[in-house]
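# Residue-level structure breakdown
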Amino acid sequence: MELWFSEFHTPDVKHSLRVDRHLYSHKSDYQQIDIYDTPEFGKVLTLDGNVMLTERDEFIYDEMITHVPMAVHPNVQDVLVIGAGDGGVVKELARYECIQSIDLVEMDEQVVSACRQYLPENACRLDDKRVHIYFDNALRFIRRRKAQYDLVIVDSTDPFGPSEGYFTREFYGICYNALRDDGIMVNQQGSPFYRHDAEAMQRSHKRIVSTFPISRVYQAHIPTYAAGYWLFGFASKKYHPIDDFDREKWLKLHLKTKYYTVRLHAGAFFLPAFLEEMLEEVE
Amino acid sequence: MEKERISDQRRAPIYEALQTFRQMRVVPFDVPGHKRGRGNPELTAFLGEQCVSIDVNSMKPLDNLCHPISVIRQAEELAADAFGAAHAFLMVGGTTSSVQTMVLATCKRGDKIIMPRNVHRSVINALVLCGAIPVYVNPEVDRRLGISLGMKRDQVARAIRENPDAVAVLVNNPTYYGICSDLRTIVKMAHDAGMYCLADEAHGTHFYFGENMPVSAMEAGADMAAVSMHKSGGSLTQSSLLLTGPNIQEGHVRKIINLTQTTSGSYLLMSSLDISRRNLALRGKQVFRQVVAMAEYAREEINAVGGYYAFGRELVNGDSIFDFDPTKLSVHTRDIGLAGIEVYDLLRDEYDIQIEFGDIGNILAYLSIGDRYQELERLVSALAEIRRRYQTDSSGLMNQEYIDPEVVTSPQEAFYADKESVPLEDSVGKVCSEFVMCYPPGIPILAPGERITREILEYIQYAKAKGCSMTGPEDPDIEHINILTEEVG
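Summary of the structure given here.

### Structural notes on the sheet that holds strand β14 (residues 357-358) of chain B
Strands pair in a sheet through their backbones, by hydrogen bonds, and they do so in one of two ways: parallel or antiparallel. Residue and element names in this part refer to chain B. If you trace the 4 strands from one edge of the open sheet to the other, you get β11-β13-β15-β14, paired in antiparallel fashion. In the strand order of this sheet, the two ends are held by β11 (309-311) and β14, each with one partner. When β11 meets strand β13 (residues 329-332), the two strands line up antiparallel, connected through 3 bridges. Residue pairing in the sheet places Y309 in a bridge with H332 of β13. In this fold helix α11 (residues 267-305) packs onto β11 and β13, with an angle of close to 155° to the strand it touches most, β11.

### Describing the sheet that holds strand β3 (residues 133-137) of chain B
Residue and element names in this part refer to chain B. The mixed open sheet is built from 7 strands, whose spatial order is β1-β10-β9-β8-β6-β2-β3. A strand with exactly one partner marks an edge of an open sheet, and here the two such strands are β1 (87-91) and β3. Within this sheet the neighbouring strands show an average axis-to-axis angle of 20°, counted without direction. Relative to strand β9 (residues 224-227), strand β8 (residues 196-201) is paired through 4 bridges, and the arrangement is parallel. The residue bridging L198 from the neighbouring strand is M224, located in β9. Each of β1 and β10 (240-244) touches helix α4 (residues 71-83); the most contacted strand, β1, lies at about 120° to it.

### Quick look at the nonpolar core
Residues and elements named next belong to chain B. One finds V103, A222 and L241 to be the most contacted residues of the largest nonpolar core, which totals 224 residues. Looking at this core, the element that brings in the most residues is α11, giving 12 residues. Those residues within four positions of A222 in sequence are excluded, and the remaining contacts are L183, V187, C197, L198, A199, A217 and G245.

### So, unusual backbone geometry
All names here are of chain B. With an omega of 0°, the peptide bond running from V31 to P32 counts as cis. Examined against the element boundaries, P32 turns out to sit in the loop between α1 (13-24) and α2 (41-47). Despite not being glycine, R25 has its phi angle at roughly 50°, a positive value. Along the chain, R25 turns up in the loop between α1 and α2. Its identity is not glycine, yet K35 carries a phi of approximately 50°, on the positive side. Locating K35 in the fold gives a position in the loop between α1 and α2.

### Some remarks on the pairing of strand β12 (residues 214-221) of chain A
Residues and elements named next belong to chain A. Counting buried positions along β12 gives 6 out of 8 residues, so the element sits mostly inside the fold. Two strands pair when backbone bridges link them, and β12 and strand β13 (residues 229-236) are joined in this way by 8 bridges, in the antiparallel orientation. Within β13, the position partnered with I214 by the bridge is S236.

### Some words on helix α7 (residues 153-162) of chain B
Since the α-helix turns once every 3.6 residues, residues separated by three or four places project in the same direction. Residues and elements named next belong to chain B. Those residues of α7 that fall on the buried side of the exposure criterion are V156, A159 and I160. Taken around the axis of α7, the buried residues stretch over an arc of 100°, which confines them to a single face. Exposed and facing more than 90 degrees away from the buried side of α7 are D154, R158, R161 and E162. Where the residues of α7 are buried, they touch β2 (112-116), β3, β6 (168-172) and α8 (183-192).

### Some details on the interface of chain B and chain A
The figure often quoted for interface size is the accessible area lost as the parts come together. Facing the 11 residues of chain B at the interface are 13 residues of chain A. When contributions to the side of chain B that touches chain A are tallied by element, the ones reaching two or more residues are α12 (340-351) and α13 (373-390) of chain B. Counting residues per element, the side of chain B that touches chain A draws most heavily on α13 of chain B, which supplies 9 residues. Considering only residue class, the side of chain B that touches chain A consists of 4 nonpolar, 2 polar and 5 charged.

The rules behind these values
Residues numbered from 1 in each chain as written. Chains lettered and ligands numbered in written order. Predicted model: local features only at pLDDT ≥ 70, side-chain atom pairs only at ≥ 80, totals over all residues. Pairing = 2+ DSSP bridges. Helix = DSSP H or I, 4+ residues; strand = E, 2+ residues; numbered from the N terminus. Contact = placed C-beta atoms within 7 Å. Axes fitted to C-alpha atoms, helices over the stretch in contact; angles between N-to-C directions. Core = buried A, V, L, I, M, F, W, Y, C linked by C-beta atoms within 7 Å. Buried ≥ 20, exposed ≤ 12 C-beta atoms within 10 Å, placed from the backbone. Arc of directions from axis to C-beta. Nonpolar A, V, L, I, M, F, W, Y, C, P; charged D, E, K, R; others polar.

Have a look at this one:
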């Protein structure tokens with residue numbers, strides 16, 4: 001018997017992983033949650049049939065969304081993480097001693113409990129005493145907060161499902177408002193390759209550009225995401241992602257990483273021509 | 001082919017007949033010419049085969065809207081039962097046609113009809129058609145919100161006393177903003193004076209199904225009610241219901257409807273009424289419980305933002321605001337220094353959020369059967385952002401919404417009289433021969449036959465400057481207006 005998980009990256013492109021076992025399947029109030037065990041990528045978490053993470057390549061995403069802003073901002077104390085119920089981002093953040101509090105806002109409690117059970121490696125730092133988990137709608141949570149965070153990390157699902165609200169101008173606006181005067185917001189910005197994804201990426205980039213004085217996009221290669229090519233948005237009130245990057249200071253922390261390096265930090269902001277053009281179109 | 005009355009609300013006779021009809025694979029040598037979509041592949045690709053295949057003509061198994069005797073009749077009877085009416089008419093010309101039928105069925109040329117001035121344009125259009133004369137009961141205005149309220153009991157009583165020859169009283173149940181007059185008492189006053197009571201329930205479908213709602217027209221004993229099923233009821237745009245009470249003769253109403261209604265009633269619209277009625281009858285209570293909970297939640301959250309006032313049942317005063325529709329989400333914006341229409345535009349242009357309307361002092365977001373909390377969070381957050389980014393001093397904003405009109409001549413006479421076009425500024429003191437209104441909400445600022453005053457002109461110019469979308473006059477830029485050449489009696 002052959003058992004395969006397939007995800008449509010476009011109606012005409014399918015990405016498939018062979019499955020050993022279907023470990024978990026549950027329809028929560030918000031989405032369909034599944035966890036598979038696969039020979040090539042280890043355990044795989046999918047929401048509404050879209051791959052969120054695999055044990056094999058999650059380090060790329062979690063390191064790039066975390067270390068890039070952490071190496072720029074000189075003194076991050078209070079962090080807000082949106083989505084990220086799997087715990088991967090928190091795991092990276094928890095390595096920084098300077099951080100005093102991490103507020104995690106996840107709308108779906110079921111994602112967290114499933115990950116705690118089946119992806120303990122990922123969820124291992126959710127019990128860190130600096131971490132406060134709120135099961136709430138992020139828009140509702142953030143609009144009550146003003147100048148309270150140094151860093152906001154938006155680790156949401158695609159802009160076409162329950163996370164649609166996290167790609168809107170009102171969302172970026174309330175994040176801006178929740179950040180201190182030198183705060184940084186980093187978000188997963190989707191893939192620029194397939195047309196449907198690229199248009200969504202342009203729309204959200206345009207909205208971030210109109211909200212933050214500094215807004216740059218950086219990239220990483222993530223095999224199980226659409227086209228294996230992923231973008232992050234770096235939006236900031238004061239610090240420039242390259243000019244204010246303090247490589248010596250970060251190196252002194254002696255954090256061992258598998259993807260992020262101080263050389264890659266700058267390199268990730270250098271984008272291919274077609275992408276530069278797409279971004280300029282909306283800037 | 002005549003069929004027995006059915007009483008099971010789980011049935012949907014038009015829908016069932018269309019299902020059967022589809023299975024029969026009848027060969028069409030009749031209209032419509034697209035022949036189940038085959039003749040228009042682009043349209044079929046766009047709307048879907050399911051949809052175009054039931055866009056069919058009246059025929060024996062599907063009944064005929066002009067003279068219903070089988071499945072349409074059964075659907076009407078089921079609707080009547082669901083709404084507690086003596087009879088229900090399926091309407092395919094929008095609630096405009098339901099309103100028109102109410103007026104044409106009760107008023108003749110020269111008859112007086114008592115109504116609040118903040119009626120929908122369709123009511124005054126009906127007066128143009130039949131030549132009845134409006135007797136306006138001027139609604140109270142809430143000074144803070146700048147909105148027209150319901151009719152007070154003593155004002156209606158006075159209008160009835162002063163116009164004993166009037167034939168009907170028309171009531172908005174509720175207004176666009178969700179405000180209800182004391183309908184039971186008004187019905188009683190009208191009936192005691194031998195007048196009909198008609199209700200414009202374009203915004204009141206859910207009163208028939210929700211819990212703790214304001215009283216519905218049929219329950220209050222009104223004679224006719226125009227119900228926009230496509231608003232809170234969930235049916236397709238342009239479908240509507242006309243309800244009648246026991247004192248109204250069904251055949252007479254049918255005759256009036258057939259004066260202006262199409263003879264090719266759309267089965268898309270009729271089946272949508274049938275299916276929506278079934279849904280409301282079976283699940284309406286639960287659906288509207290959710291809608292009310294969402295509206296209450298949104299009110300709390302918007303009021304917590306500060307600056308805005310999302311108003312609700314606290315406004316109820318026992319008379320001009322006898323009751324309030326809790327599903328309505330209206331927000332007063334003047335205190336953040338922005339006109340409602342400006343907030344309306346910002347929501348659409350900056351945040352991709354389309355709300356129902358914005359006027360001078362308020363916005364209205366329409367909540368219904370199809371809403372979810374995640375979108376409400378966007379709306380509330382966008383309002384919070386608009387306040388943060390655009391809040392300004394509110395002292396320059398106009399707050400007067402209602403201007404007492406002087407009716408010089410009947411809408412029909414004014415509409416058909418000799419007229420000329422003059423620049424807006426030169427029209428003060430003249431009698432207007434056309435409508436001027438902001439759309440939405442479509443409540444006339446000026447109606448045919450009313451005197452144009454300086455105050456009204458200033459209001460029109462202010463509304464234009466703030467970006468209200470103005471309609472009515474022949475001149476699309478609303479720089480000229482048609483006035484009566486000679487003042488008529």
